[in-house]
Amino acid sequence: MSILFFFILIPPILYFQFYFRRIILCFYPHPNIFIRLFSWIFALLFVLPAYNLFRFWAVVVYHLFAFALICDLVMWILHQRKVHNILLNKIYHLGVIPLLCLAILLGYAYYHMQDVQTVHYTVTTSKSLSKDYTIAFISDLHFPTTMNQKKLQKYCQDISKEKPDLVLLGGDIVDERTSYQEMKQTFETLSTIESQYGIYYVYGNHDQALYVEKPAFTPEMLKQTIEDCHIHILCDEVVSIHDDIVLIGRDDRSHQRLPLETIIEDISHDKFLLLMDHQPVDLEKNNQLGIDLQVSGHTHGGQIFPVGILSQWLGFGEMNYGYRQLSSMQVIVSSGIAGWGYPLRTGSQSEYVMIHIQSHH
């Protein structure tokens with residue numbers, strides 16, 4: 001906690017005591033010990049609640065921090081070039097521009113999260129298929145962070161119109177903030193999606209509400225609800241789809257799970273092997289084991305900019321978003337139909353995925 005405090009909280013606290021002092025001096029232009037004291041108090045009260053980086057207030061604090069620093073840089077450049085404007089200086093000292101930028105960003109982030117896109121991928125295989133397949137993939141709903149049941153019903157109707165052969169639910173459909181009634185409504189609504197071969201589900205790291213002491217529902221209640229809605233749970237299990245596709249559903253890596261080689265040891269590799277794993281992990285290993293297509297979620301595509309870019313640059317995950325072709329396996333990672341923690345998205349889009357599998361045998 002001390003290291004986190006130093007690197008995450010100390011810089012904005014130091015900065016915002018200057019920021020708030022500058023604003024106060026616009027109204028009381030006589031520096032004294034009380035103004036210094038008030039500016040420190042304001043800075044501490046403003047920044048300290050942002051210690052939890054996964055809460056809304058952290059988004060507010062660190063974006064305002066970034067916008068204010070950019071404004072400082074611009075004003076410094078103007079000063080170096082001998083550009084002086086009384087009105088601009090007044091607005092700058094009042095701290096208005098960073099606040100306006102923050103308001104615009106939050107408005108955009110809320111709209112962007114609600115603007116769910118349909119993303120299509122075409123996957124070709126040399127393996128023989130009796131027909132082309134259309135698969136709907138939904139992950140990371142985190143109901144009800146960004147939508148109510150009415151909106152979810154609309155997306156389910158839209159997906160049904162695409163006439164999917166198969167519907168895959170890639171985990172984190174609900175989470176720790178979901179009530180028991182909301183959990184039931186979620187899976188009852190998702191079960192209305194029409195498909196030829198059914199709806200299949202794998203666990204994520206949040207949907208069993210294991211990160212809180214008193215969850216609204218137990219893993220057993222979640223499992224029973226999903227099964228009552230005639231949604232098939234695949235927990236390190238395999239199912240054959242129309243004698244063409246072998247669907248492999250992994251338990252999440254945050255749980256104790258079987259090695260993939262154990263799960264598929266008796267499976268014919270003549271079939272198209274479709275792996276559903278909440279987190280995009282073990283990609284090279286799965287490629288070597290002969291998987292044809294892996295679909296995952298979990299990353300949210302980097303819900304808040306620049307998390308996605310940083311995770312790619314720093315190697316925090318094997319894959320953040322989109323499509324990748326390995327030597328024999330193809331990978332699709334969705335940014336999810338919603339987000340976790342707060343209804344804001346700046347780093348990627350909200351989406352559900354339609355995958356078209358075609359044989360060129």
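Below is a summary of the structure that appears in this document. (Residues numbered from 1 in each chain as written. Predicted model: local features only at pLDDT ≥ 70, side-chain atom pairs only at ≥ 80, totals over all residues. Heavy atoms only, no water.)

A complete count under the given rule lists ten salt bridges for this structure. Linking aspartate 243 and lysine 271 is a salt bridge whose minimum nitrogen-to-oxygen distance equals 3.4 Å. Note that aspartate 243 is positioned in the loop between β6 (237–241) and β7 (245–249) and lysine 271 in the loop between α9 (260–263) and β8 (272–276), a separation of 28 residues in sequence. Judged by its relative accessible area of 51%, aspartate 243 falls in the exposed class. Given the relative accessible area of 25%, lysine 271 is considered partly exposed. Across the salt bridge formed by arginine 257 and aspartate 282, the nearest N and O atoms sit 3.6 Å from each other. Remark: aspartate 282 occurs in the loop between β8 and α10 (283–288) and arginine 257 occurs in the loop between β7 and α9; sequence separation between them is 25 residues. (Salt bridge = Lys/Arg side-chain N within 4 Å of Asp/Glu carboxyl O. Helix = DSSP H or I, 4+ residues; strand = E, 2+ residues; numbered from the N terminus. Buried < 20%, exposed > 50% of the residue type's maximum accessible area, 1.4 Å probe, protein only.)

Moving on: the nonpolar core. Grouped together as the largest cluster of nonpolar side chains are 32 residues, with contacts concentrated most on Leu169, Phe187, Leu190, Tyr201 and Ile337. Secondary structure elements with two or more residues in this core: β2 (133–138), α6 (149–161), β3 (166–169), α7 (180–190), β4 (199–201), α8 (219–228) and β12 (350–359). Per element, the largest residue contribution to this core is four residues, and it comes from α6. When near neighbours in sequence (up to four residues on either side) are disregarded, tyrosine 201 contacts Leu169, Ile173, Phe187, Asp207, Ile226, Ile231, His232, Ile233, Leu234 and Met276. (Core = buried A, V, L, I, M, F, W, Y, C linked by side-chain atoms within 4.5 Å. Contact = heavy atoms within 4.5 Å.)

This next bit is on the pairing of β8. By the criterion of burial, β8 is predominantly enclosed, with five of the five residues buried. Of the two faces of β8, the one holding Phe272, Leu274 and Met276 and the one holding Leu273 and Leu275 are both buried throughout. Two elements, β7 and β8, share five bridges in a ladder whose sense is parallel. Across the sheet, the residue bridging to glycine 249 is methionine 276, located in β8. In this sheet, strand β9 (residues 293–296) lies alongside β8 in parallel orientation, the contact comprising three bridges. Residue pairing for β9: methionine 276 is matched across the bridge by valine 295. Between the parallel elements β8 and β9, the chain passes through α10 in a crossover that is right-handed. (Pairing = 2+ DSSP bridges. Right-handed = clockwise from strand over helix to strand, strands pointing away.)

Residues phenylalanine 143 and proline 144 are joined by a peptide bond in cis, for which omega reads 5 degrees. With respect to the secondary-structure elements, proline 144 resides in the loop between β2 and α6. Positive phi values are uncommon outside glycine, yet aspartate 282 reaches one of about 55 degrees. For aspartate 282, a relative accessible area of 32% puts it in the partly exposed group. With a phi angle near 75 degrees, histidine 298 is a residue other than glycine that sits in the positive phi range. Tracing the sequence through the fold places histidine 298 in the loop between β9 and α11 (307–314).

Reading across from one edge, β1-β12-β2-β3-β4-β5 is the order of the six strands in this open sheet, with mixed pairing throughout. Two strands in the sheet have a free side with no partner beyond their single neighbour: β1 (116–125) and β5 (232–233). Here β4 pairs with β5 via two bridges, running parallel. Within β5, the position partnered with tyrosine 200 by the bridge is histidine 232.

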